[in-house]
Amino acid sequence: MMRNIFLRLETVAADAKRRVSGGEGVANGRRAKGRARPLGAPDACSRAKRWRAQRLRPTGGNSNVDFRFNHRYTNLLQPLRRRLKLVTCGLFGVWVFGLGVLSSALALDITLPTANHALYSPSGEEQFYQGTAGHDWHSGQYGCVRSGGHQYHEGIDVRCLERDRHGEPTDRVVAIADGEVAYVASVGGQSNYGRYVLVRHRWDGVEVFSLYAHLAGFAPGLRAGQAVKRGDWIAVLGHSGTQNIPKDRAHLHLEICFQINRNFAAWFAPRMAKGDRNDHANYNGINLQGIDPAAIFLATKDKPSLNFREYMESQPVAFTALFPARRPPLSCMRAQPWCNVNGPEPKPVTAYEVWFMAEGVATFVRPRTDVTTPAPRVLTVNEPPLISLPARRLVERDAKRRGWQFTTKGGELMEMLCFQ
Ligand SMILES: [Zn+2]
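In every chain, residue numbers begin from 1 and rise along the written sequence. Local features in this predicted model are restricted to residues whose pLDDT is 70 or higher, and side-chain atom pairs enter the listing and the counts only when it is 80 or higher, whereas totals over whole chains, interfaces and linings include all residues.

*Asks:* An account of the overall build of the protein is requested, with residue identities and associated values reported.
*Replies:* Secondary structure elements follow DSSP: runs of H or I no shorter than four residues count as helices, runs of E no shorter than two count as strands, and numbering proceeds from the N terminus. In terms of regular secondary structure, the protein is built from 11 helices and 18 strands. For the exposure call, what matters is how many other C-beta atoms sit within 10 Å of a residue's own: 20 or more marks it buried, 12 or fewer exposed, and in between partly exposed, using C-beta atoms placed from the backbone. Counting every position in the protein, which comprises 420 residues, the buried fraction comes to 48%.

And the structure:
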C-alpha cells in the first residue's frame, strides 16, 4: 500500500515538475468566451439582491474542492519549486491531498439544461443567453457582467424557447449530469432564486452541485434524495423569484457550484438580524459558490474526454492563504472524503495552506509544519485572475500597500470555511 502511494507521488511530482518547468505554460485555462465582461444592468439573480431579498447579511463563498498542486501558475512559481524538492524527497508525499489517489478520473458527462443548445453554435450566444432588462446577451453570462463590471453574476441565464398561448414559458429543464436531487425549494417567494432545485453530483470524487433557479414548477414527484440521470426532466423554466422577473424575460438561471460549509445554518444563525429567516438552511445561496458553467460546457464540447479534475487543475490560482491548524482543520477537508490526508499527517501540523481561485473556490490544501498563524491570513497573490473577476474582491492591498489582506467579504468567507 505504502509502495503504491509513493509510486503515485513520484508521478505527481514528475507531473507537477513538468508543468512548472514550462511544459504546459502558465496560460489561463478559462475560456474567454465565458468570461467576457460587458456592461449590464443589475440583475435579479445576483447574490447581492438575494441577500436583500432574504434580509440576510452578505458574505463570501468558497467550496469544497481540493486538488493536487499542479495548477497553472505565474507569480507563485518560486515557492512551488521549493515545494517540489520536498515532494521529490518523499517528505511531502504522504501528505499530498487529492482525488487522484482515491479514484481514477472519468470524462465529464454533461448536457445543457434545456433544449436551448445555441451555446454550441457559432455566434449563438444571442440565442442562448437571456440578457438583463435593456441589455444584450452579454449580461446573461457568468462573471462580472453587470453594473459596469461591479456586479458578480454567479451563474448563466439560459433563454426560453417555448411558450404557451398565454406567453408563459414551457421549456423543460433537465439534470445536466447523473446525480441525486439534494434540495427542492418549492416556494417561489423565499429567495431571489425563486423556486429552485439543487442536484448533487460526484465528479472525480468531488461533490459538485448544479442549481436550477426561477423555475415555474417541477417534474411530478420530484423530491430530495431522488436519483436522476443526465437529461432527466426535473422542472419547467419560469420567472419565479422575489424580484419580479417579467415573463418576457423568463429564463433558467443555472449554476455549477460547491457547498461552502455543511454546517452553514449553525454559523449563520447568530449572525442574522432579529426577524430574519434562513428558509433554505445549508442550501442557502450564501453557502453556495459558483464557477462558470458555460466554460465547462464549452470545454467538454472541445474535448469530450475532459474530466473534472483536469478542468479544475487548469484554472488559475488567485491567492493562497494560511489557516490555523485544527482537528479537523477545515470544513471542506472534513466533509469531502477525497481530501482526507493520504497517509499519516506530519507532526506537528502547525498550519494549513489553501490555494484559491478568484471566486473563492479552494483548490488545494497542504499541511505545514514550518509556520503558524492565529487566524487566517493571505500568503501570496496572483493578480491577473483577480483582475478578471473584480467584483468578487476577496483580497486587497493593505493600507501601507506592502502586502495583502482579506476584504470584509474575504474575511467572512474564511470564517465560513473554518467554522466547525
Ligand atoms: Zn441569473
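Structure's up, so let's keep going.
*Asks:* Which residues make up the pairing of strand E6 (residues 195-203), and what values go with them?
*Replies:* Moving residue by residue along a regular strand, the side chains alternate between the two faces of the sheet. Within E6, seven of the nine residues are buried, which leaves the element mostly enclosed by the surrounding structure. One requirement defines pairing of two strands: DSSP has to find at least two bridges between them. As defined by bridge partners, strand E5 (residues 179-185) adjoins E6 across five bridges and the pair is classed as antiparallel. Paired with Val184 across the bridge in E6 is Val197. Note that E6 and strand E7 (residues 206-215) share eight bridges and pair antiparallel. Counted as the bridge partner of Val197 is Tyr212 from E7. Hairpin geometry of E6 and E7 is characterised by an intervening segment of two residues between the two adjacent antiparallel strands and by a positive phi of about 55 degrees at Asp204.

*Asks:* Tell me about the sheet that holds strand E10 (residues 233-236), and please be specific about residues and values.
*Replies:* With antiparallel pairing, the three strands of this open sheet are ordered in space as E4-E10-E8. The open sheet is flanked by strand E4 (172-174) and strand E8 (217-218), the only strands paired with a single partner. As paired strands, E8 and E10 are joined by two bridges and run antiparallel to one another. Paired with Gly217 across the bridge in E10 is Val236.

*Asks:* With reference to specific residues and values, describe the nonpolar core.
*Replies:* Side chains that are nonpolar tend, in soluble globular proteins, to be buried together. What makes a nonpolar core is a set of buried Ala, Val, Leu, Ile, Met, Phe, Trp, Tyr and Cys residues, with links drawn between C-beta atoms within 7 Å. One finds Val197, Tyr212, Leu215 and Phe356 to be the most contacted residues of the largest nonpolar core, which totals 91 residues. Broken down by element, this core gets its largest block of residues, seven residues, from E7. Where each domain starts and ends comes from a domain assignment, either automatic or drawn from a database. Domain assignment of the residues forming this core places at least three in each of domain 1 (2-38 + 57-106 + 307-418) and domain 2 (118-301). In this description, a residue-residue contact is defined by the distance between C-beta atoms placed from the backbone, which must lie within 7 Å. Once residues lying within four places of it in the same chain are set aside, the contact partners of Tyr212 are Pro113, Val173, Tyr196, Val197, Ile234, Ala235, Leu252 and Leu254.

*Asks:* An account of the sheet that holds strand E13 (residues 319-324) is requested, with residue identities and associated values reported.
*Replies:* Pairing between the strands of a sheet comes from backbone hydrogen bonds, and it takes one of two forms, parallel or antiparallel. Taken in spatial order, the four strands of this open sheet run E15-E14-E13-E16, and their pairing is antiparallel. Of all the strands in the sheet, the pair left with one neighbour each is strand E15 (362-368) and strand E16 (377-381). This sheet shows a mean twist of 25 degrees between the axes of neighbouring strands, independent of strand direction. Whenever a helix is involved, its axis is fitted only over the stretch in contact; in every case the axis is a line through C-alpha atoms, and angles between N-to-C directions fall within 0 to 180 degrees.

*Asks:* Tell me about helix H7 (residues 293-302), and please be specific about residues and values.
*Replies:* Among all positions in H7, only Pro293, Ala294, Ala295, Ile296 and Phe297 are buried. Buried positions along H7 lie against strand E3 (156-159), strand E11 (251-259) and helix H8 (308-313).

*Asks:* Run through the pairing of E7, naming residues and quoting values.
*Replies:* With respect to burial, E7 is a largely interior element, 10 of its 10 residues being buried. Sheet analysis places E7 next to E11, joined by five bridges and oriented antiparallel. Along E11, the bridge assignment pairs Ser210 with Ile256.

*Asks:* Lay out the environment of Pro374 with the relevant residues and their values.
*Replies:* Assignment of secondary structure puts Pro374 in the loop between E15 and E16. Residues Pro374 and Phe323, 51 residues apart in the sequence, show an inter-C-alpha distance of 7.9 Å.

*Asks:* Pulling in residues and values, what's your account of unusual backbone geometry?
*Replies:* Look at Ser147: it is not a glycine, yet its phi comes out positive at around 50 degrees. Secondary-structure assignment places Ser147 in the loop between strand E1 (143-146) and strand E2 (151-153). When the 19 C-beta atoms within 10 Å are taken as the criterion, Ser147 is described as partly exposed. For Arg393, which is not glycine, the phi dihedral falls at a positive 40 degrees.

*Asks:* Summarise the confidence of the model for the protein; cite the residues concerned and give the values.
*Replies:* pLDDT measures how confident the predictor is about each residue, on a scale from 0 to 100. Mean pLDDT over the protein stands at 76; residues scoring 70 or higher make up 70%. For the stretch residues 1-103, pLDDT sits under 50, and the model shows 238 contacts to residues farther than four places along the chain or on other chains. Segment residues 337-343 is flagged for pLDDT under 50; beyond a separation of four residues in sequence, or across chains, it makes 18 contacts in the model.

*Asks:* Which residues make up the environment of Phe319, and what are the values?
*Replies:* By secondary structure assignment, the location of Phe319 is in strand E13. Distance in space between the C-alpha atoms of Phe319 and Asn382 is 5.8 Å, their sequence separation being 63 residues. When neighbours within four sequence positions are excluded, Phe319 is seen to be in contact with Phe356, Val378, Thr380, Val381, Asn382 and Val395.

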